[in-house]
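This is what each chain is made of:
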Amino acid sequence: MTLKASLVQKIGNAIKEVARNKGSTWWYTPHMAAASRSIAERIPLVDLVLEVRDARIPLSSKCELIKNLSPSSRRIIILNKTDLANHIQLKEWLKYFEQQKCLVFGVNSHNKDKIKELLNFLRARVRELPKTGHGDKTITLMLVGIPNVGKSALANSLHQIGRISAAEKGRLKHAVVSPDPGETKNISGLKIASHPSIYVLDTPGVLPAEILDAEVCSNLALTGAIKDCLVGEVELAEYFLSIFNLSDEYKKWAKLSLSGADDSSELERRQKRQYLTDHTQDFIVNKVRRMLFEVVSSFNCNLEDEEIMLQLIKAEFAVLRDAFNLPPDSDDYVRKVAAKLLNLYRTGRLGHYTLDLVQVITKEV
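Everything in this summary refers to the structure shown in the same document. (Residues numbered from 1 in each chain as written. Predicted model: local features only at pLDDT ≥ 70, side-chain atom pairs only at ≥ 80, totals over all residues. Heavy atoms only, no water.)

### Some words on unusual backbone geometry
- Put simply, His-195 and Pro-196 share a cis peptide bond, and its omega is 0 degrees.
- Following the sequence through the fold, Pro-196 ends up in the loop between strand 5 (188-193) and strand 6 (198-202).
- In this structure, Lys-101 takes a positive phi of about 65 degrees despite not being glycine.
- Inspection of the secondary structure assignment puts Lys-101 in the loop between helix 3 (87-99) and strand 3 (103-106).
- Among the residues examined, Lys-101 registers a relative accessible area of 68% and is labelled exposed.
- Here the phi dihedral of Asn-148 falls at roughly 65 degrees; this positive angle occurs in a residue that is not glycine. (Helix = DSSP H or I, 4+ residues; strand = E, 2+ residues; numbered from the N terminus. Buried < 20%, exposed > 50% of the residue type's maximum accessible area, 1.4 Å probe, protein only.)

Here it is, written out as structure tokens:
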């Protein structure tokens, strides 16, 4: 068994154990159960259902709440966070969903041009809706999905771009956006177009009461749909590195290795507003990339072997402690390295990855 497979089982078992504990405050809480009922009650009342999925995990992030809603003109799959996914795999997924007769659109909720394209796409779908005889009918679209796929960010961007396009004035409303799953608590409506008036409903992220597939559990945890505390940051960082080490992403950083280390003085760093404690700054990120490239490139053993992969990951944690400028005598450096590494992965600073692969599809859309 490979290390990746072992970690998938370990992470999956940890999450399933939490799910079995019905009293857990971290899983299918009474709040999430109530949100699920509220969303289910509204689905028949809205004009279009926009199922938002994470483009990195197009199948793992499907919303079980609407699994019985067949692919039709009323259901549109929105693959969000396309900027974080592998671009080749993204094209394959879009093609796959189209072959399954699903309406699908890929978007980065922080890219204004993409939001404009999505808004035009939605307006076209609205024009295709059956006429009711009321020319001024208000159209409602409802965003649904699991936690942390970017529903609130998408709602805010559609609201902002839609108001600008309609030349409307007034105070902008905002849905709460957070990198942590489960922050949206209530269903809220935001206007995104006029003539006809179109409103989008932002809803809380909902998970099923139980997830049986260990790989789905692992993918949800790694991309941040499930709170890190359910699994542990170290285990998730190891899972990411087991994927990273077998990918080609690090090969893109060869030039960083040739450029050598950053030997800027402390004064020069301050003048450039560079601080050693901020792992998100470019000079730190480049140092992380360079060190990871050098470690993986020098490891010429069979990485399918579990013990060898563990040795490589241990070596990577050691160099990342230096890259993140953590004290060598820090007792908690492994967890700190893991937390910073996960942050860089989830924000796309360490490459583009799609965890669900089209080539191995065995599940329904």
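### Examining the packing of aromatic side chains
- Under the counting rule described, the total for this entry stands at eleven aromatic pairs.
- Aromatic pair Phe-240 and Tyr-353: ring centres 5.5 Å apart, planes at 85 degrees, arrangement edge-to-face. Residue Phe-240 is found in helix 7 (residues 233-244), and its partner Tyr-353 is found in the segment after helix 12 (333-346); the two are separated by 113 residues along the sequence.
- Judged by its relative accessible area of 1%, Phe-240 falls in the buried class.
- Judged by centre distance (6.2 Å) and plane angle (50 degrees), the rings of Tyr-250 and Phe-293 are tilted. Here Tyr-250, found in the loop between helix 7 and helix 8 (254-259), pairs with Phe-293, found in helix 10 (residues 282-297); they are 43 residues apart in sequence, far enough to count as distant. As far as the burial class goes, Tyr-250 and Phe-293 line up, both buried.
- Within the aromatic cluster, the residues linked to one another by ring pairs are Phe-240, Phe-244, Tyr-250, Trp-253, Phe-293, Tyr-345 and Tyr-353.
- A cation over a ring is seen here: Arg-125 above Phe-121, with NZ or CZ 4.6 Å from the ring centre. (Phe/Tyr/Trp six-rings, centres within 6.5 Å; stacked < 30°, edge-to-face > 60°. Lys NZ or Arg CZ within 6 Å of the ring centre and 35° of its normal.)

### Some remarks on the pairing of strand 3
- For strand 2 (residues 75-80) and strand 3, the ladder comprises four bridges, and the chain directions are parallel. What sits directly across from Ile-78, in strand 3, is Phe-105.
- With helix 3 bridging strand 2 and its parallel neighbour strand 3, the resulting β-α-β unit is right-handed. (Pairing = 2+ DSSP bridges. Right-handed = clockwise from strand over helix to strand, strands pointing away.)

### Regarding the pattern of salt bridges
- In total, this model carries 14 salt bridges according to the counting rule given.
- Between Asp-248 and Lys-251 there is a salt bridge, with the nearest N and O atoms lying 3.2 Å from each other.
- A relative accessible area of 52% means that Asp-248 is categorised as exposed.
- With its nearest N and O atoms 2.9 Å apart, the salt bridge here joins Arg-335 to Asp-332.
- Given a relative accessible area of 35%, Arg-335 falls into the partly exposed group.
- Among the ionic contacts, a cluster of salt bridges with common partners joins Glu-51, Arg-53 and Arg-75. (Salt bridge = Lys/Arg side-chain N within 4 Å of Asp/Glu carboxyl O.)

### Considerations on helix 2 (residues 30-42)
- Taking 1.5 Å per residue as the helical rise, helix 2 with its 13 residues ought to reach 18 Å, and the 19 Å between its terminal C-alpha atoms agrees with that figure.
- Those residues of helix 2 not exposed but buried are Met-32, Ala-33, Ala-35, Ser-36 and Ile-39. The buried residues of helix 2 occupy an angular sector of 160 degrees when projected down its axis, which confines them to one face. The exposed residues of helix 2 that point more than 90 degrees off its buried face are Pro-30, Arg-37 and Glu-41.
- Elements that come into contact with the buried residues of helix 2 comprise strand 4 (139-144). (Expected span 1.5 Å × (residues − 1). Arc of directions from axis to C-beta. Contact = heavy atoms within 4.5 Å.)

From the geometry alone we can't say anything about function, so treat these as descriptive.
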